[in-house]
Amino acid sequence: EGGRIQFIATLVLSDGSTRDVTKETAWEVLGPIGSVDASGLFSVKLTSEVSELGLFFGAVTAKWQDRSSGQVLSANSSAITVKTAVPDKPTNVGG
């Protein structure tokens, strides 16, 4: 646990200009890999599925809706791999 990724949603307008719509975007995590808050901050969470398998894949999806036209734009992140870290086995010294 503890890994984080900050996602940013940028709208590219027809004139080539850009607008940050991160806070206007609906964020969702696909797969049991963590959570994402309203600001687009993804936090890894090791669920029992991840712990049992040791590895799980998922993604973050973003949906933005134009208030005037109602048009919805969406995008998915690249695959996010969450895996458990197995600590080295302790060495038994002296018996």
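What comes next is a walk through the structure. None of these values were measured; they are calculated from a predicted model.

The helix and strand inventory of the protein stands at 1 helix and 9 strands. Written out in order from the N terminus, the α and β elements of the protein read β-β-β-β-β-β-α-β-β-β. Per-residue burial for the protein yields a buried fraction of 26% across its 95 residues. On the protein, roughly 6800 Å² of surface is accessible, and the fraction owed to carbon and sulfur atoms is 52%.

Right, let's get into the nonpolar core. The biggest cluster of nonpolar side chains holds 15 residues, and the ones touching the most others in it are Trp27, Phe42, Val60 and Ile80. Put simply, the parts of the chain that give this core at least two residues each are β4 (26-30), β6 (41-44), β7 (55-65) and β9 (80-83). Top contributing element to this core by residue count: β7, with 3 residues. Val60 has contacts with Phe7, Trp27, Glu28, Val29, Val36, Phe42, Ala75, Asn76, Ser77 and Ile80, leaving out every residue within four places of it along the chain.

Considering the arrangement of structural elements, one finds Arg19 in strand β3 (residues 18-20). Spatially, the C-alpha atom of Arg19 lies 8.5 Å from that of Ala9, the residues being 10 residues apart in sequence.

Rules used throughout
- Residues numbered from 1 in each chain as written.
- Predicted model: local features only at pLDDT ≥ 70, side-chain atom pairs only at ≥ 80, totals over all residues.
- Heavy atoms only, no water.
- Helix = DSSP H or I, 4+ residues; strand = E, 2+ residues; numbered from the N terminus.
- Buried < 20%, exposed > 50% of the residue type's maximum accessible area, 1.4 Å probe, protein only.
- Areas by Shrake-Rupley, 256 points an atom, 1.4 Å probe, with all protein chains shown as cover.
- Core = buried A, V, L, I, M, F, W, Y, C linked by side-chain atoms within 4.5 Å.
- Contact = heavy atoms within 4.5 Å.

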